[in-house]
Amino acid sequence: MTQVNVQYYAIFREQAGASDESVETGATTAGELYAELCDRHNFSLPAAALRAVVNEEFADWDTPISDGDRVVFIPPVAGG
Amino acid sequence: MNRFELSAEPLDTGKLKNGLRHARAGGFASFEGWVRNHNEGRDVGRLEYEAFAAVAEKEGTRIVTEAIERFGVTAAHCVHRVGDLRIGDLAVWVGVSAEHRGEAFVACRYIIDQIKARVPIWKKEHYSDGVTGWVNCERVSGPEPPQPALPATTDGLYVRQIALKEVGENGQRLLSEARVLVVGAGGLGSPALMYLAAAGVGHIGICEGDTLEASNLHRQVLYRRSQVGQSKAHIAAQQLRELNPDTEITVIDVSLDADNAESLFNQHDLVLDCSDNLKLKFLLNAAALRTSTPVVFASVYQYEGQLHVFDPRTGAPCLRCVWPREPNVAPTCNEAGVLGPVPGVFGSLQAMEALKQLLSLPGRLSGELLMLDLLSFRSTKISASRLADCEICSRTPDQIELPRPGEFEIALDMDLAEVDPGLRNDYVVIDIREQDEVSARPLTTLPHRHIAMSTFSLDAPPIEPDQPYLLCCASGTRSRSLAIELRQRGFAHVYSQTGGVDHLDHGHSRGGD
Ligand SMILES: [Zn+2]
């Protein structure tokens, strides 16, 4: 199991009901982690509509995650 | 005859004057602006005028009409040349006929002054040393515009920013020569425009096609309640001219689109994206690359926002590198709600980045995405890298096509109740809610399939390419994002029920077939 810190912005913050959480996961990549969290929090956005960020860098969905990583899923926003 | 016209042909002043003759008129006054052979110490050989025609004609007509109404003259007309002109050519003609000479002179003066200040016409000077330069028509022919009544001492205007050693007199001069286009004069645009004008930016273009609504006022602090219903671009311009009469303001009161973007970008050094529309942001991104113009992007959502600068001249990643697949799911302030100071903070950050760019200050954002949550004050600066196969910035400027609205966003949301009853049965309704949601609130009034979104395979969608489908969820958000995914996979006839299952049930039973 891997322990990561996940931050939520915008619609994810609303749907997860928190702005961050520590997650213990069996996922090995950013994509697997997102799928797991989708199940847990009923996220409505398809992965293709957002970007994953691992340790402050934009990351592909197959980027591996390891203990202590900071992961953020960024939804696009358009308000002005 | 239009009261204001652009003409690519030389003007016939005799004919123009005869057009204003009237038995009631006891006098006629006219003004002619001519091309002169020097400007600000340089010898000018010839010049070209370029107009943003649609807006120029609208604004020019408005000015002439204002003059007729305000001064009660009989008739007035103004024609401005566009295209190549030589020294001595007639560049602009204004004529006014009136009962008495007094109002004829005043109206004529008013028209030419306002035309120069408000109508988007630009002049490209060809100097005798072979160099060319764009200047606003303000500085061409005719008398200087009336100096606004300035307070006795304007010397102290910018002292607090000139005092910064990175700014100084030289920085102030750079600002006074800068031309900045602000796209969107709403929650982000309000503070951005005010700070840019207050800082002494020489020229600001305001591109905004909307009128002011009451629901804008909690965040769009440039406006007043008494102005609801008026054109935002015009009232913004009026406020900024009061704030800083030295700043030249151009009003572009139409939306930026693929037809006008390139010309507008070419007239400015820097663009601020203060829009609330993702399609428009991607259009600005493409126009930035096409014209080598940097753009400062910002977007807000409820209590937080994002800031991103794309400067095509530096090889930094573009908006498309950050969002390789155009997301169609971003909610706007109208949908998601927002607290007023949130766009206030981000619009101010845009003005700050703009000044950093114009003054070449250190620490300019370059490709990073800054995210800031104003509830917790969490901020994250995320570095992006350029995508080798980015469909925008991996191309050369002349290969870039500015995106036009495709047919797929024209109708994505649909309300079955509004479909002709004879056609409703053509749609296969799919309820994509999860099983527990369906059990809690079943859809009873019409035949449908149930495929939960969590089990809906995008690799092998369980639908037919030519069949029309209407997806339905609880609120219309999930069905919309799934419909987008399916459209992108070639299923062209997939729609999303607006308002979700409640709307569908209610609307359908009300439809009564
Ligand atoms: Zn790119």
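Since the structure is predicted, the reported quantities are computational estimates derived from the model, not experimental observations. (Residues numbered from 1 in each chain as written. Chains lettered and ligands numbered in written order. Predicted model: local features only at pLDDT ≥ 70, side-chain atom pairs only at ≥ 80, totals over all residues. Heavy atoms only, no water.)

(A) Geometry of empty space enclosed by the protein. A full pass over the atoms with the stated rule returns 4 cavities of 30 Å³ or more. In this structure, the largest cavity is lined by 13 residues; those nearest its centre are V77(A), S299(B), Q306(B), L319(B) and W323(B). Of all the secondary-structure elements, those providing two or more residues to the lining of the largest cavity are α9 (278–291), β14 (295–301) and β15 (304–310) of chain B. Among the residues making up the lining of the largest cavity, the classes are represented as 9 nonpolar, 3 polar and 1 charged. (1 Å grid on protein atoms, 1.4 Å probe; cavity = no way out; pocket = protein on both sides within 12 Å on 5 of 7 lines; lining within 4 Å. Points joined across faces, edges and corners; volume = space filled by probe spheres on them. Helix = DSSP H or I, 4+ residues; strand = E, 2+ residues; numbered from the N terminus. Nonpolar A, V, L, I, M, F, W, Y, C, P; charged D, E, K, R; others polar.)

(B) Structural view of a nonpolar patch on the surface. Residues and elements named next belong to chain B. Taken together, the side chains of M194, V221 and L243 make up a nonpolar region of the molecular surface, amounting to roughly 230 Å² of accessible area. Looking at where L243 falls in the secondary structure, it is placed in helix α7 (residues 232–243). By relative accessible area, L243 is classed as partly exposed at 42%. (Patch = residues over 30% accessible without salt bridge, like charges linked within 9 Å, V, L, I, M, F, W, Y side chains within 5 Å. Areas by Shrake-Rupley, 256 points an atom, 1.4 Å probe, with all protein chains shown as cover. Salt bridge = Lys/Arg side-chain N within 4 Å of Asp/Glu carboxyl O. Buried < 20%, exposed > 50% of the residue type's maximum accessible area, 1.4 Å probe, protein only.)

(C) Structural detail: the coordination of the zinc ion. Residue and element names in this part refer to chain B. Protein ligation of the zinc ion involves C318 (SG), C321 (SG), C390 (SG) and C393 (SG), the donor distances falling in the range 2.2 to 2.3 Å. Around the zinc ion sit 4 donor atoms, and with donor-metal-donor angles ranging over 93 to 123 degrees the site reads as tetrahedral. Site description for the zinc ion: donor spacing in sequence, C-x2-C-x68-C-x2-C. (Donors = N, O, S within 2.8 Å, 3.2 Å for Na, K, Ca; no water. Tetrahedral: all angles 85-135°; square planar, octahedral: opposite > 155°, others 65-115°.)

(D) Focus on the environment of L85(B). Residues and elements named next belong to chain B. In this fold, L85 is placed in strand β6 (residues 83–86). In this structure, the C-alpha to C-alpha distance between L85 and E48, residues 37 residues apart in sequence, is 6.0 Å. Each residue touching L85, except ones within four places of it in the same chain, is listed here: V35, R46, L47, Y49, L90 and A91. (Contact = heavy atoms within 4.5 Å.)

(E) How the structure looks around the sheet that holds β15(B). Residue and element names in this part refer to chain B. Pairing is mixed across the open sheet formed by 8 strands, whose spatial order is β12-β11-β10-β13-β14-β15-β16-β17. A single partner strand is all that each edge strand has here, and the edge strands are β12 (248–252) and β17 (378–382). Each strand of the sheet is rotated relative to its neighbour by a mean of 15 degrees, with strand direction disregarded. Looking at chain direction, β14 and β15 are connected through 7 bridges and run antiparallel. By the bridge assignment for β15, F297 is matched with H308. (Pairing = 2+ DSSP bridges. Axes fitted to C-alpha atoms, helices over the stretch in contact; angles between N-to-C directions.)

(F) Just the pairing of strand β10 (residues 179–183) of chain B, in detail. Residues and elements named next belong to chain B. Among the 5 residues in β10, 5 count as buried, and that is most of the element. Here β10 shows no split at all, with R179, L181 and V183 on one side and V180 and V182 on the other all buried. In this fold, the crossover linking β10 to strand β11 (residues 203–207) by way of helix α6 (residues 189–198) has right-handed handedness. Where β10 lies against strand β13 (residues 270–273), 4 bridges are found, and the strand directions are parallel. The partner of V180 across the bridge, within β13, is L270. (Right-handed = clockwise from strand over helix to strand, strands pointing away.)

(G) Summary view of the packing of aromatic side chains. With the rule as written, the count across this model stands at 10 aromatic pairs over all chains. An angle of 15 degrees between the planes, with centres 6.1 Å apart, marks the rings of W61(A) and F73(A) as stacked. Pair noted here: W61(A) is in the loop between β4 (57–59) and β5 (70–74) and F73(A) is in strand β5, with a separation of 12 residues, a long-range link. In this structure an aromatic cluster arises from ring pairing among Y8(A), F12(A), Y34(A), F43(A), W61(A) and F73(A). Just above the ring of Y9(A) sits the side chain of R378(B); from NZ or CZ to the centre is 4.3 Å. The side chain of R487(B) reaches across the aromatic face of Y495(B), ending 4.9 Å from its centre. (Phe/Tyr/Trp six-rings, centres within 6.5 Å; stacked < 30°, edge-to-face > 60°. Lys NZ or Arg CZ within 6 Å of the ring centre and 35° of its normal.)

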